[in-house]
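Residue-level structural notes
One letter stands for each residue in the lines below.
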Amino acid sequence: QAMKKIRYVAGVFIVMFIGIVFFYKDFSRIWLGRDLDYPSGLIGVTCAFYIMQIINLIFVQFYYGMGEIKSYMWLTVLQAIAIVPLAKFLSLNLGLGVAGVKLSSTVLLLISGIVLPFLTYGKINELEKRYIESNRKE
């Protein structure tokens, strides 16, 4: 039940972030009184990064709360090793600049965003089965 509520709140924030992408230029012009100069695609990539961050945090909190740290730690170590070469490739080789660096973080968060739900729901299902079986024995 808690997971459903958290996913709902996260969904609201994700919709808000997507809205910000479309209205960021107008909003920043009103807020700051002038246009900002930023690389093309940076706002969209940053939005995608924060969406992936939200998704990951939902599952990381539950996964850690169940005492499962080791498997996610290895995923994090692999991401830490991959980020520098990927950022260099995207920003320099593909010419994406700052947006390429942020995109590298987003891509790596996407990987854990795919893996974490499987790990989390797998562990929840395992704990639920154990709980049901322990109640049958009593």
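That block above? That's the structure.
Residues numbered from 1 in each chain as written. Predicted model: local features only at pLDDT ≥ 70, side-chain atom pairs only at ≥ 80, totals over all residues. Heavy atoms only, no water.

As a further point, take the overall build of the protein chain. A count of helices and strands for the protein chain gives four helices and zero strands. Listed by position from the N terminus, the elements making up the protein chain come as α-α-α-α. Taken against the 2.2 N^0.38 rule, which gives 14 Å for 138 residues, the C-alpha radius of gyration of the protein chain at 19 Å runs more than 25% over that of a compact globule. Projected onto its principal axes, the C-alpha coordinates of the protein chain cover approximately 70 × 35 × 15 Å. The proportion of buried residues among the 138 residues of the protein chain is 25%. In the protein chain, the proportion of contacts linking residues at least 24 apart, taken out of those at least 6 apart, comes to 70%. Here the protein chain displays about 9600 Å² of accessible surface, and carbon together with sulfur accounts for 69% of that area. (Helix = DSSP H or I, 4+ residues; strand = E, 2+ residues; numbered from the N terminus. Rg over C-alpha atoms; globule rule 2.2 N^0.38 Å. Buried < 20%, exposed > 50% of the residue type's maximum accessible area, 1.4 Å probe, protein only. Contact = heavy atoms within 4.5 Å. Areas by Shrake-Rupley, 256 points an atom, 1.4 Å probe, with all protein chains shown as cover.)

For the rest of this paragraph, the subject is the nonpolar core. Counting nine residues, the largest nonpolar core is built from Met3, Ala10, Ile58, Phe59, Val60, Tyr63, Tyr72, Leu75 and Leu116. For this core, the secondary-structure elements that each account for two or more residues are α1 (2-32), α2 (42-65) and α3 (70-93). It is α2 that provides the largest number of residues to this core, a total of four residues. Other than its neighbours up to four places away in sequence, Val60 contacts Tyr72 and Leu116. (Core = buried A, V, L, I, M, F, W, Y, C linked by side-chain atoms within 4.5 Å.)

Looking at the secondary structure, you find Ser91 in helix α3. The exposure class of Ser91 is buried, given its relative accessible area of 14%. A distance of 2.7 Å separates a polar atom in the side chain of Ser91 from the backbone oxygen of Ala87. Residues within four places of Ser91 in sequence aside, it is in contact with Leu96, Gly97, Gly100 and Val101. (Polar contact = N/O pair within 3.5 Å; in protein donor to acceptor, adjacent residues only side chain to side chain.)

Let us now look at the packing of α1 against α2. Contact geometry of α1 with α2 gives a least axis separation of 9 Å together with a crossing angle of 175 degrees. When the interaxial angle is binned, α1 and α2 end up roughly antiparallel. Contacts from Ala2, Met3, Ile6, Arg7, Ala10, Phe13, Ile14, Phe17, Ile18, Val21 and Tyr24 of α1 reach α2 at Ile43, Gly44, Cys47, Tyr50, Ile51, Ile54, Ile55, Ile58, Phe59 and Phe62. (Axes fitted to C-alpha atoms, helices over the stretch in contact; angles between N-to-C directions. Parallel < 35°, antiparallel > 145°, perpendicular 65-115°, else oblique.)

Before going further, it helps to spend a moment on the environment of Gly65. With respect to the element layout, Gly65 can be found in helix α2. Taking the relative accessible area as the measure of exposure, Gly65 reaches 66% and is therefore exposed. Between the C-alpha atoms of Gly65 and Ala82, which are 17 residues apart in sequence, the distance is 27 Å.

The subject of this paragraph is the packing of aromatic side chains. Each aromatic ring pair is described using two quantities: the centre-to-centre distance and the angle formed by the ring planes. Going through the model one piece at a time under the given rule, you end up with five aromatic pairs. Ring centres 5.7 Å apart and planes at 75 degrees place the aromatic pair Tyr24 and Tyr38 in the edge-to-face group. With Tyr24 in helix α1 and Tyr38 in the loop between α1 and α2, this pair connects stretches of sequence that are 14 residues apart. Residue classification places Tyr38 among the partly exposed residues on the basis of a relative accessible area of 27%. One aromatic cluster is present, formed by Phe17, Phe49 and Tyr50 through successive ring pairs. A cation over an aromatic ring shows up here: Lys102 above the ring of Phe49, its NZ or CZ 4.0 Å from the ring centre. (Phe/Tyr/Trp six-rings, centres within 6.5 Å; stacked < 30°, edge-to-face > 60°. Lys NZ or Arg CZ within 6 Å of the ring centre and 35° of its normal.)

Geometric values such as these leave the question of function open.
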